Amino acid sequence: MSSNSLLFSINNEGKVYALSTSGSCWREFMYLGLEFKTLSAVPHFLWAVGGDRQIYLHVHGLEIPIRVKEESYENERWLPLEGFSSRLLPTDRYHFSSQDGTKDRCIDRIRLPSMAWQWEGDWQLELTLDGQPLDHDGWSYAVDFPAQFGPVKKWKSCVRRRKWIRYRKFSAMNSWCAIAPLHKDPTQEPFIDISIGGNQIPYASPGTLSVWAITAHGRVMYRSGVSTTSPEGLKWMNVSIPPNCDIKQISVGPTGLVWALLWTGRAIVRKGITKDCLTGEAWLEVKSPSEAKLTVISVGFNAVWAISSDTRVWFRKGVDGNSAGSSEVSAMGIGWLEITGNMIHISVGINDQVFAIGEIDKCIYWRSGITPAEQTGKRWRMVQANMQLSRTSSTVSVISSASNSNKHHSLNTLNEAAPELKSNINLRNSWEESHSAPIEHTLPIKPPRESRPKGQTNVENIDLTGKSYETTLKNPRAWSPVRSVGSVVGMEAQPDSDSSVFDVDSGMYFDDDVGQTAWGTCDTTWAFVDAGACSVDVMQVPHWFTDSHNVSNTDLSAKWRLQILDLLKNRNNTHDLDMSQYGVAIEEKGWTRSCEARLVSAIHSYEDCILSLYWHELENTGTLSVFQPDGTIKFILNLREVTCITSTSEPGSPRITLSIPHQNKDSITIQFISEMEQEEWLCVLVGITSQINGLSGRPSANSVWAVSGSGDILNWDPKSKQNPENDSHIKEFQVLGKDIVSGFSTDLHNNFPPGSSLKLTGSLFDEIHRLHVNLQGPEVKKQRHKIETEVTEIPFHFNIRFDQNTVVCNTKIFGSWGTEERHPLPLTRGQEFSIKIICDVQGFRVLLNDKSFCFYEHRLSPERITTVSVLGAVKLYTMEYCTTNPIIGPEDMYWRLMGGYLKKVECCQNGVVWGISHDHRVWVYTGGWGGGVLKGLGGNDGIHSMTDTQTYCVYENQRWNPISGYTSTGLPTDRYMWSDVTGKLKRTREHTKLLNRNWHWISEWMVDYNTPGGVDSDGWQYATDFPAPYHGKKIFTDCVRRRRWYRKAQVVTEGPWSRAGSTALLDITLWSENDEVAIWAITLGGEAIFRTGVTTATPAGVHWEHVNSPQALVAISICNNIIWSIGRKGELYYRDGVSKDNPGGTVWKLIEAPNCNIPYVHKTSGGVKSVSLTNCAAWVVLSNGAVAVRTDITKQQQDGKQWKCLSDCEMTFKHVSCMDHEVWAVSSDGAIQRRLGVTADNPVGIAWQRVLSGSFVHVTSRGYPQ
């Protein structure tokens, strides 16, 4: 539930109220002297019929403004004598045109659609083309129109063009906006009903809305052009109706389905409403219930509810919103079903939840128990919420007048103390110049700040149009939206002069500063209710109800009860009992749990087994034994060695995977018989392994977070492995029994900086010839006759040569050995020995048998050391590694499953964590642990209900046949005719299954008309062959075609996450400074925004602030108030002018693009897809998977100086995250990688270390400083 899910209602006085699903009080829209008769809403958009029978629009709850980019292309042609000129050929396009040149787009004639909009700045040039910078004039060149344009002028460039852009913003947010009437005289044809819906029309473009209205003349009107980016639409269109049909009410469902009621009580349905025909084709009559006359109708997604004249409630069976446009039966349903209860009005919400007004008490009721399987619900429950007492309401007594809050007084109160105030604006041409505008009293009336004392309103400075609303007007035409739109009609609202014209405080009040006396439980008589913008979670209903199902037993916390419990607890404290003579009633032993399962190998072969789990809580130990079906032991796992437990289920195959790097196994996958059993084992294993590692509750602020492909959120807390009492940290390697003769090597996880040491003890064999100890760098690939691996850097080579009776020290740099340093041999064959190598600032000190032996000066930085290698005929007893920093290798990192379901997670160094789900909703970490499959591992504190939506896609492929045309019969070498996007895997609609029982389908299979590359009217896109580039228009050379089908599924779970606003996001980034947190994000539309008021105490912040972005963006990163972003073409920008005083900055500037290729792979970079900033560098992942680093980033030079490409491996990546010297990434195979050797002197590091294998999609280390 979120704050933008609102239930709207109108009381018997015509005042509009809203009730939030996350609140418990009705809040009144500011009373402006205008009563309302009816209203209709979808999320953020409210349409209503006022008391003057005209239409009004209210846009509310949007965290970022509605912005539209106007574009115009200036075209010029080269002429022999003049050069490039605006004089074009008669067959050319317009001088200023659209992108394809078919429309005249002269910038002088591009105006604001209505007075509800204002410009953001002047026209400006776009200085990039597909991510490439243009010259300062912004010209791009081509041979002719409409050839491909490029940034460089060539000798054959005969035409050129440049792009002008200008943004306009919908400024009438949170205020009533009057929609233009049908005639200049609004009283000529008033409106009697309005309805909005269509926000989920199948296949329609995102943001599409449908608005239908009824006039007093019985005409049905459709408002064209209404969408989320054009909330007031373009114009009214008349929709014909059958003869002798006089319509009084109309209702539009989310899928665009339209039902209408006649004055005779009959219902008609509009058929054929699709994405291509939003007004439908014809009307169909629906038979009314027997002996019933319908008075109210309401359409939902898959439901139609009605009220008859005798107040009976009716439900229409068989309505299917998804197929209503193509099926008459789905639009009309198959029959009426009477529902218990007597109501006078009814409304269906977003997810088919139903609200109604009772016949007797005029209270609002909610129909509980409505689910997709039970569409009629179970019973009516009364909505009981406190009221905000209106200052203008006739039911309010002295209570409201005693309030100290001046801001809630009606504007009429101000008008009573002031004489009639005149406007200086000429309204003669207002109808022609404005199709919609904010009405007069929704405009904030604020005098200049210097003349406005605190807590007072200077009425003399108020400039109003016309008289008070309560004044009786002599001319009946004077009260119309045209003549009362306010003082801005007829002129544009300028950002500099009229910035306060449309203020966020002018609409409905959602503040918490209202005094307690402003709230009450007075009886309210409701006349109208609308649930079109209300989404009720049936699993977590709002706090609107006070019946027995919602009331908690307050006596449990009563003082008398607590006193009795304390007395009972302490009743035996005064008695000393000797229990030594009694036996133990319950032996404190561990417990076991067993089940039958299967082991799944890497090649997907299966082996039956029996699992046996043993756990002893007091000893904090546990084992997982795996037996063969005959009882023979297969292996035993020490649960202390398990580093990660994740769910890796596939449809019909419930599985979990355990990572055990200590046993040199990447993972062990176990498949269970049922999903219930898999969930129980997952919960138990996660709980036990977390307890073994001492983890519970909220992790530290320096944690690393990761997200798997299945949506699981994991956390590694480095604090659990750190011991702050010691300055040095020691790690002993298990070397006893290792084959040193053939060579042994192991990783040194902290490199070998000054202060580190390595000690080896063992015995020499009698036949030994040489023993060498190499402190070396990583292996790199070299291409000679074939690709081979070689260690090219060995900072310290210590070689004991018995065959030469000497000890050699040397360094290998770039594959070449340096000058040897020789020392006398102090050891003999067969003796025991100890070697200790200590790294100092100047060099290496070597101790043999605890005696100083030699000193070797650094020739190569010891920071480049990643491994130690020992080779020789010896037997090692111990190997001890000591360093000044905590030694944590992949085998020591336990990744705890946290609960919830997300797509990505981002954190910062003070513990604030945000996440984004697959449906682009935003979540904030609450500090809890558990929920969903993990149940109550960490208690129920901070655990909330979560939902997420994912889209399943399959591709239908066809090949052209000379005889039969396009068919599903392909060549033997073709891809599957039903496949995934690559064509290599077979995918069909019938065999696409949900992952587990927590998922359910929320749509049917539908053709995707928004497939990249364009589609034709049937959704097909064409190509010359598989897999050539696809396009939406068929040409004669196209031999194959495909179309994409999609179906949406939703998961319902729980987790320690709560919603943060309602804005859909693509990417988010966090950076903390003390307790304050800077959060920047990219919206689904590519806009940059930043969050205000985010601290450790208020991690969700207050609201979003919008940042102008000339280009659509896809990713963003921030560090030290330096902000980088990625455009949709893969170009990089940085935000200039960001400071504490100006957190939004001033302008985006282009950054030089990296050009890095993957070694041994011939694939160009093609742009950037991921970015992460540190204090002095930026790490980016290119579209080809290569990684590049931008170095020397400072506050003075925010774009850095040069790019460095990582060439030490051919591995590709899909995500990178960094902070300070910690760089983590997700490779293309889904493994989490950590970059070793990153320092201030070597910002690109040395090598990648594989931390955790799996199918991960995201990792963030921005809270983990080194």
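One can find the structure itself at the top, above this paragraph.
This report concerns the structure included in the present document. Here the structure is a predicted model, which means the values were calculated and not measured.

### Considerations on the overall build of the protein
- Counting its regular elements, the protein contains six helices and 87 strands.
- When burial is assessed residue by residue, the protein has 54% of its 1266 residues classed as buried.
- Taking the intrachain contacts of the protein between residues at least 6 apart in sequence as the baseline, contacts between residues at least 24 apart amount to 60%.

### Some details on the environment of Ala142
- The topology assignment puts Ala142 in strand β13 (residues 140-142).
- Its relative accessible area of 4% is what places Ala142 among the buried residues.
- Residues Ala142 and Lys156, spaced 14 residues apart in sequence, show a C-alpha to C-alpha distance of 7.9 Å.
- In this structure Ala142 touches Ala147, Gln148, Phe149, Lys156, Ser157, Cys158 and Val159, once residues within four positions along its chain are discounted.

### Overview of the pattern of salt bridges
- Using the criterion set out here, one finds 47 salt bridges in the structure.
- Among the salt bridges present, the one from Arg162 reaches Glu74, with a minimum N-O distance of 2.8 Å. Taken together, the positions of Arg162 in strand β14 (residues 159-170) and Glu74 in strand β7 (residues 67-79) put the pair 88 residues apart, joining distant regions of the chain. No difference in accessibility class separates Arg162 from Glu74, as the two residues are buried.
- What emerges from the salt-bridge pattern is a single network uniting Arg67, Glu120, Lys169 and Glu1087.

### Things to note about the side chain of Asp1008
- Position of Asp1008 among the secondary structure elements: in the loop between β67 (1006-1007) and β68 (1021-1023).
- A distance of 2.9 Å separates a polar atom in the side chain of Asp1008 from the backbone nitrogen of Asn1010.
- Not counting chain neighbours up to four residues away, the residues in contact with Asp1008 comprise Val1015, Arg1044 and Tyr1046.

### Description of a nonpolar patch on the surface
- On the surface, Trp560, Leu562, Ile564, Leu565 and Leu568 cluster together to form a nonpolar patch covering roughly 480 Å² of accessible area.
- Here Leu562 lies in helix α5 (residues 559-569).

### Some remarks on the sheet that holds strand β86 (residues 1247-1252)
- With antiparallel pairing, the four strands of this open sheet are ordered in space as β83-β84-β85-β86. Edge positions in the sheet fall to β83 (1213-1219) and β86, since each of these pairs with one other strand and no more. Sheet twist, expressed as the average angle between the axes of neighbouring strands with direction ignored, equals 30 degrees.
- Inspection of the sheet shows strand β84 (residues 1222-1227) paired to strand β85 (residues 1232-1236) by three bridges, in the antiparallel sense.

### Brief notes about the side chain of Thr811
- Following the sequence through the fold, Thr811 ends up in strand β51 (residues 806-813).
- Under the relative-accessibility criterion, Thr811 is labelled buried at 1%.
- Reaching out from Thr811, the side chain makes a polar contact with the backbone oxygen of Pro795 at a distance of 2.8 Å.
- A distance of 2.6 Å separates polar atoms of two side chains, one belonging to Thr811 and the other to Tyr856.
- Those residues in contact with Thr811 that lie beyond four places of it in its chain are Ile794, Pro795, Ser816, Trp817, Gly818, Tyr856, Arg859 and Leu860.

### Some details on helix α6 (residues 675-692)
- Compared with an ideal rise of 1.5 Å per residue, which puts 18 residues at 26 Å, α6 spans 26 Å between its outermost C-alpha atoms and is within 8% of the ideal.
- Within α6, 13 of the 18 residues are buried, leaving the element largely enclosed by the surrounding structure.
- Where α6 terminates, the next one or two residues include Gly694, which has phi positive at roughly 70 degrees.

### Topic: the pairing of strand β42 (residues 704-708)
- Among the five residues of β42, five are classified as buried, and the element is accordingly described as predominantly covered.
- Hairpin connection from β42 to strand β43 (residues 713-716): four residues lie between these consecutive antiparallel strands, with Gly711 at a positive phi of about 85 degrees.
- With four bridges connecting them, β42 and strand β87 (residues 1256-1260) associate as antiparallel partners. What sits directly across from Trp705, in β87, is Thr1260.

### Points about the environment of Met893
- Residue position: Met893 is located in the loop between β58 (874-883) and β59 (895-897).
- Each C-alpha atom, one on Met893 and one on Asn693, is 9.7 Å from the other, the two residues being 200 residues apart in sequence.
- Apart from the residues within four sequence positions on either side, Met893 is in contact with Thr643, Trp716, Ile888, Trp1224, Arg1234 and Val1251.

### Quick word on the sheet that holds strand β76 (residues 1122-1127)
- Read across the sheet, four strands follow the order β75-β76-β77-β78 without closing on themselves; strand pairing throughout is antiparallel. The strands lining the two open edges of the sheet, one partner per strand, are β75 (1113-1119) and β78 (1147-1151). Within the sheet, the average angular offset between the axes of one strand and its neighbour, ignoring direction, is 30 degrees.
- With five bridges joining them, strand β77 (residues 1132-1136) and β78 adopt antiparallel strand pairing.

Conventions and cut-offs
Residues numbered from 1 in each chain as written. Predicted model: local features only at pLDDT ≥ 70, side-chain atom pairs only at ≥ 80, totals over all residues. Heavy atoms only, no water. Helix = DSSP H or I, 4+ residues; strand = E, 2+ residues; numbered from the N terminus. Buried < 20%, exposed > 50% of the residue type's maximum accessible area, 1.4 Å probe, protein only. Contact = heavy atoms within 4.5 Å. Salt bridge = Lys/Arg side-chain N within 4 Å of Asp/Glu carboxyl O. Polar contact = N/O pair within 3.5 Å; in protein donor to acceptor, adjacent residues only side chain to side chain. Patch = residues over 30% accessible without salt bridge, like charges linked within 9 Å, V, L, I, M, F, W, Y side chains within 5 Å. Areas by Shrake-Rupley, 256 points an atom, 1.4 Å probe, with all protein chains shown as cover. Pairing = 2+ DSSP bridges. Axes fitted to C-alpha atoms, helices over the stretch in contact; angles between N-to-C directions. Expected span 1.5 Å × (residues − 1).

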